[in-house]
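Reading the structure
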Amino acid sequence: MGKFRGWHIVAGIAAMLLAGIFGTAMGLNNTATYLASGVAFVAVSLWVDSRIARRRNAAGTAGPGPDLRQDLGGDAKPALDVDPSKREG
């Protein structure tokens, strides 16, 4: 079993529940509460995901190791030529 990678979803659901509670407490109707909860879910999920990605990048565990980066030539950009006739020699 691998590491749990859904922390951004868990944080988004928690934010959604909290926004729902606050929206109801403020007297918003159901539609406004639902929309605010959805916005909170997306915002917090993306924010937590970016924070986790930054942390992984800082730790050096995001992506291939230095050996594999060298094997790829250091520049692994996709080819811009989409014409299949040139590729089918």
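Residues numbered from 1 in each chain as written. Predicted model: local features only at pLDDT ≥ 70, side-chain atom pairs only at ≥ 80, totals over all residues. Heavy atoms only, no water.

1. Observations regarding the overall build of the protein
Each helix and strand in the protein was counted, giving four helices and zero strands. In the protein, the order of α-helices and β-strands from amino to carboxyl end is α-α-α-α. Within the protein, buried positions represent 12% of all 89 residues. Counted over contacts in the protein with a minimum sequence separation of 6, partners at least 24 positions apart contribute 55%. Counting only carbon and sulfur atoms, one obtains 63% of the accessible surface of the protein, whose full area is about 7600 Å². (Helix = DSSP H or I, 4+ residues; strand = E, 2+ residues; numbered from the N terminus. Buried < 20%, exposed > 50% of the residue type's maximum accessible area, 1.4 Å probe, protein only. Contact = heavy atoms within 4.5 Å. Areas by Shrake-Rupley, 256 points an atom, 1.4 Å probe, with all protein chains shown as cover.)

2. Considerations on the packing of aromatic side chains
Aromatic ring pairs are defined here through the distance separating the ring centres and the angle between the ring planes. A full pass over the atoms with the stated rule returns one aromatic pair. Measuring from ring centre to ring centre gives 5.0 Å for F4 and W7, while their planes differ by 85°; the resulting arrangement is edge-to-face. (Phe/Tyr/Trp six-rings, centres within 6.5 Å; stacked < 30°, edge-to-face > 60°.)

3. So, the packing of helix α1 (residues 7–25) against helix α2 (residues 30–59)
With their axes 7 Å apart at the nearest point, α1 and α2 run at an angle of 150° to one another. With respect to each other, α1 and α2 are oriented roughly antiparallel. As α1 packs across α2, the resulting crossing turns out to be right-handed. Of the residues in α2, those in contact with W7, H8, I9, A11, G12, I13, A15, M16, A19, G20, G23 and T24 of α1 are T33, A36, S37, G38, A40, F41, V44, S45, V48, D49 and I52. (Axes fitted to C-alpha atoms, helices over the stretch in contact; angles between N-to-C directions. Parallel < 35°, antiparallel > 145°, perpendicular 65-115°, else oblique. Left-handed = near helix turned anticlockwise from the far one by under 90°.)

4. Thoughts on a nonpolar patch on the surface
Together, F4, W7 and V10 make up a nonpolar patch on the protein surface, roughly 330 Å² of accessible area in all. Inspection of the secondary structure puts W7 in helix α1. (Patch = residues over 30% accessible without salt bridge, like charges linked within 9 Å, V, L, I, M, F, W, Y side chains within 5 Å. Salt bridge = Lys/Arg side-chain N within 4 Å of Asp/Glu carboxyl O.)

5. Examining the environment of N30
Within the secondary structure, N30 is located in helix α2. C-alpha of N30 to C-alpha of G20: the two residues are ten residues apart in sequence and 9.0 Å apart in space.

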